[in-house]
Amino acid sequence: MEEAASRCSRGNTVYDLTVIGGGPAGAAAAISAARCGARILLLERGQFPRHKVCGEFVSAESLGLLENLLDSRHATLLRNAVRIPQGRLFLDDRILPTAVDPPAASIARLDLDSALWESAVNVGVDARPQVTVQGVNGTGPFRVSTNAGEFESRALVNASGRWSNLTPTDNSPAEKWLGLKAHFAETSPDHSVDLYFFDGGYCGVQPVELSHEKSGQGRINACAMVRADVASTLPQVFARHPDLQERSRQWRALSEPVSTSPLIFRRPQPVRDGTLMVGDAAGFVDPFVGDGISLALRSGALAAECLAPLWSNEISLANGVRRYGELYRQRLGPVFRTSSKIRRMLMLPRVLRHPLLLALQKAPAITRYLVSKTR
Ligand SMILES: Cc1cc2nc3c(=O)[nH]c(=O)nc-3n(C[C@H](O)[C@H](O)[C@H](O)COP(=O)(O)OP(=O)(O)OC[C@H]3O[C@@H](n4cnc5c(N)ncnc54)[C@H](O)[C@@H]3O)c2cc1C
C-alpha cells in the first residue's frame, strides 16, 4: 500500500483509481483493486445504511465472490443469510414451481451495501460518503469534480448505477416503469422466491432478515416492477394479482416504502471514453432474473482484475480497458440477451401467454432450462 501511495504521489496523480458509486459494483471494484496494492478513492453521493429498491435475491453464482469481498467482521452476514432453494411463478391462474439450485441467498440491501462499504474502508480504500461527482475531465488520467473538490487518478471506474447524472441514457422510453419495495411482517414465510405476474408488471416476495434482528422474526421483502400507468404504490400492485392480494392482507409494514424510476433496459456498454463501466452503469438487467447484484459484483471485480497490471506499469490504461470490454462481453453479455428474451415472453398479452404456460407447466424442465440460461 505504502509503495503504491508513493508511486502515485509522483507527478500530479494522487490516486491510482477513482471509483464513482459505493453500491455493490463500486465496492467490489474498490476492494479488489485495493487488495492489489493500488491507492483507491471511492466516492458515494449517499451514505449507508439505507434501504434500496431491490428484491434482495442474491444468486448463488456470486456468493463465493461476495464471501471473498467481505472482511472477516462481516462474514456472518452471508453465513446467517436466509437461503432460497425454490421459486414459484404465479402466472395467470397457474403456479409454476421451480428449484433454485444451488440455493440463492436473501440479504437486505440495508446490510449488504453497508457491509461492503465497511469492508472497503477496512482494506484501506479512501471511501468518502456524501460526495457527489459532478463531472469528469480527461480520458486517462482523469480529473473528477465533486461537491468536495477535485481529485485526480490514473484510471476511472463508473459504478454510479442505472440512473445518474454520469450515466447518459437513451431518449425517454415509450413506457415508464417503476420499482417499489418495502418490508412486511408475515408469519413463518416459506423459503421461496415467489413472483406474481400481472399485465404491466410483477411483484417478488421472499423472506429476509436484518443483521441486528433476532432470526426467525417473519420479515418478508415485497418488491415490484410495474408500468407507471398500472400502479404507483405497493397496495395498488398487490391488488393486481388475486393470490398476492389475499396473501398481503395479513402483512404489517416494517419499513417505509421506497421507489425508483424510470427503469430503462439497454444493451450493456462496458467501456466509455476510457472509463470502465461496472454494474448497472454498464447495463441494467431485468430484475426478475435476480442477477443485478451478481453482475455488479462480478463486473466490479473484473474491472479491478483487468487494471491490476497497470499498477505495476505492465500494461497501458488503454490495454486494460480494452481487455475489460472483451471479457465483460464474453462472460456477462449472455445474461442480458437471455433475460430480455424471457422478459418479452412473460410480458406477452395473456391470450398469447396461455399456450406457453401450458407447455411450461407440462414440462418443468423447460422452466429450469430458461432460468439456467440466465446464469
Ligand atoms: C425493482 C428492482 C428489483 C431488483 N431486484 C433485484 C434482486 O432481487 N436481485 C438482484 O441481484 N438485483 C436486483 N435488482 C438490481 C440491483 O438492485 C442492481 O443491479 C444493483 O443495485 C446494481 O448495483 P450497482 O452498484 O451497479 O448500482 P447501485 O446499487 O445503484 O449503486 C450505485 C451507487 O452510485 C451512487 N452514485 C450515483 N451517482 C453518483 C455520483 N454522481 N457521485 C457519487 N455517487 C453516485 C448512488 O448513490 C449509488 O449508491 C433490482 C432492481 C430493481 C429496480
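Remember, it's a predicted structure, so these values are computed and weren't measured experimentally.

**Comments concerning the site of the ligand**
Residues in close proximity to the ligand total 39 residues, the closest being Glu44, Gly55, Phe57, Asp280 and Ile293. Contacts to the ligand include arginine 109, whose side-chain N or O atom sits 3.0 Å from an oxygen atom. Relative to its free-state accessible area of 1,000 Å², the ligand is covered by the protein chains to the extent of 95%. Those elements that provide at least two residues to the shell around the ligand are α2 (24-35), β13 (219-227) and α8 (292-311). Per-element tally for the shell around the ligand: the top contributor is α8, with three residues. Along the lines of polarity and charge, the residues of the shell around the ligand split into 18 nonpolar, 13 polar and eight charged.

**Some points on the pattern of salt bridges**
In the structure shown here, the tally under the stated rule is 16 salt bridges. A salt bridge links aspartate 113 to arginine 50, with the shortest nitrogen-to-oxygen separation between them at 3.0 Å. Of this pair, aspartate 113 sits in helix α5 (residues 109-122) while arginine 50 sits in the loop between β2 (40-43) and β3 (57-58), and the two are 63 residues apart along the sequence. Overall, the relative accessible area of 0% leaves aspartate 113 in the buried class. Since its relative accessible area comes to 24%, arginine 50 is described here as partly exposed. Its salt-bridge partner being arginine 88, residue aspartate 190 comes within 3.3 Å of it at the nearest N-O pair.

**Brief notes about unusual backbone geometry**
Of note, the bond from aspartate 101 into proline 102 is cis; its omega dihedral lies within 30 degrees of zero at 0°. With respect to the element layout, proline 102 can be found in strand β5 (residues 94-106). The amide bond that connects glycine 140 to the next residue, proline 141, takes the cis arrangement and shows omega of 0°. A positive phi angle, close to 65°, is found at glutamate 56, a residue other than glycine. With respect to the helices, strands and loops of the structure, glutamate 56 is situated in the loop between β2 and β3. Despite not being glycine, glutamine 130 shows a phi value in the positive range, around 55°. The residue glutamine 130 is located in the loop between β6 (126-128) and β7 (133-137) in this model.

**Topic: the packing of aromatic side chains**
For the coordinates displayed, the defined rule picks out eight aromatic pairs. Among the aromatic residues, those joined into a ring-pair cluster are Phe184, Phe238 and Trp251. When the ring centre of phenylalanine 284 is taken as reference, the NZ or CZ atom of arginine 162 above it lies at 5.3 Å.

**Observations concerning the nonpolar core**
Core analysis: the biggest nonpolar cluster contains 91 residues, and Leu17, Val19, Ile40, Ile107, Leu116, Val157 and Leu307 have the highest contact counts within it. Residue contributions to this core peak at eleven residues, all from α8. Residue contacts for isoleucine 40: discarding those within four places in its chain leaves Tyr15, Leu17, Val19, Ala30, Ala33, Ala34, Val125 and Asp126. If you look at the next biggest cluster of nonpolar residues, it comprises 20 residues, including Phe90, Ala182, Cys203 and Val226.

**Brief notes about the confidence of the model for the chain**
In this model, the chain carries a mean pLDDT of 89, and residues with pLDDT of at least 70 account for 86%. Between residues 1-13, whose pLDDT stays under 50, and residues either more than four places distant or in other chains, the model counts 22 contacts.

**Some points on α5**
The terminal C-alpha atoms of α5 lie 19 Å apart, and with 14 residues this matches the ideal 20 Å at 1.5 Å per residue to within 8%. Of all 14 residues in α5, eleven are buried; the element is thus mostly enclosed. Listed as buried for α5 are Arg109, Leu110, Asp111, Leu112, Asp113, Ser114, Ala115, Leu116, Trp117, Ser119 and Ala120. Buried-residue contacts for α5 involve α2, β2, α3 (63-69), α4 (75-79), β6 and α8.

**Re the side chain of aspartate 194**
Examined against the element boundaries, aspartate 194 turns out to sit in strand β11 (residues 192-198). Note on aspartate 194: relative accessible area 1%, which makes it buried. Not counting chain neighbours up to four residues away, the residues in contact with aspartate 194 comprise Arg88, Phe90, Cys203, Gly204, Val205 and Arg247.

**Comments concerning the packing of α2 against α8**
Between α2 and α8, whose axes approach to 7 Å, the crossing angle comes to 30°. The orientation of α2 relative to α8 falls into the category roughly parallel. Crossing geometry of α2 relative to α8 is assigned as right-handed. For the pair α2 and α8, the contacting residues are Pro24, Ala25, Ala28, Ala29, Ser32 and Ala33 in the first and Ile293, Ala296, Leu297, Gly300, Ala301, Ala304 and Trp311 in the second. Its residues placed into classes, the contact of α2 with α8 shows eleven nonpolar, two polar and no charged.

**Quick notes on the pairing of strand β4 (residues 82-91)**
By the bridge criterion, nine bridges tie β4 to β5 in an arrangement that is antiparallel. Among the inter-strand pairings, leucine 89 is bridged to a residue of β5, identified as leucine 96. Remark: two residues form the turn of the hairpin made by β4 and β5, two consecutive strands paired antiparallel; aspartate 92 in that turn has positive phi of roughly 55°.

Cut-offs and rules
Residues numbered from 1 in each chain as written. Predicted model: local features only at pLDDT ≥ 70, side-chain atom pairs only at ≥ 80, totals over all residues. Heavy atoms only, no water. Near = heavy atom within 4 Å. Polar contact = N/O pair within 3.5 Å; in protein donor to acceptor, adjacent residues only side chain to side chain. Areas by Shrake-Rupley, 256 points an atom, 1.4 Å probe, with all protein chains shown as cover. Helix = DSSP H or I, 4+ residues; strand = E, 2+ residues; numbered from the N terminus. Nonpolar A, V, L, I, M, F, W, Y, C, P; charged D, E, K, R; others polar. Salt bridge = Lys/Arg side-chain N within 4 Å of Asp/Glu carboxyl O. Buried < 20%, exposed > 50% of the residue type's maximum accessible area, 1.4 Å probe, protein only. Phe/Tyr/Trp six-rings, centres within 6.5 Å; stacked < 30°, edge-to-face > 60°. Lys NZ or Arg CZ within 6 Å of the ring centre and 35° of its normal. Core = buried A, V, L, I, M, F, W, Y, C linked by side-chain atoms within 4.5 Å. Contact = heavy atoms within 4.5 Å. pLDDT = per-residue confidence, 0-100. Expected span 1.5 Å × (residues − 1). Axes fitted to C-alpha atoms, helices over the stretch in contact; angles between N-to-C directions. Parallel < 35°, antiparallel > 145°, perpendicular 65-115°, else oblique. Left-handed = near helix turned anticlockwise from the far one by under 90°. Pairing = 2+ DSSP bridges.

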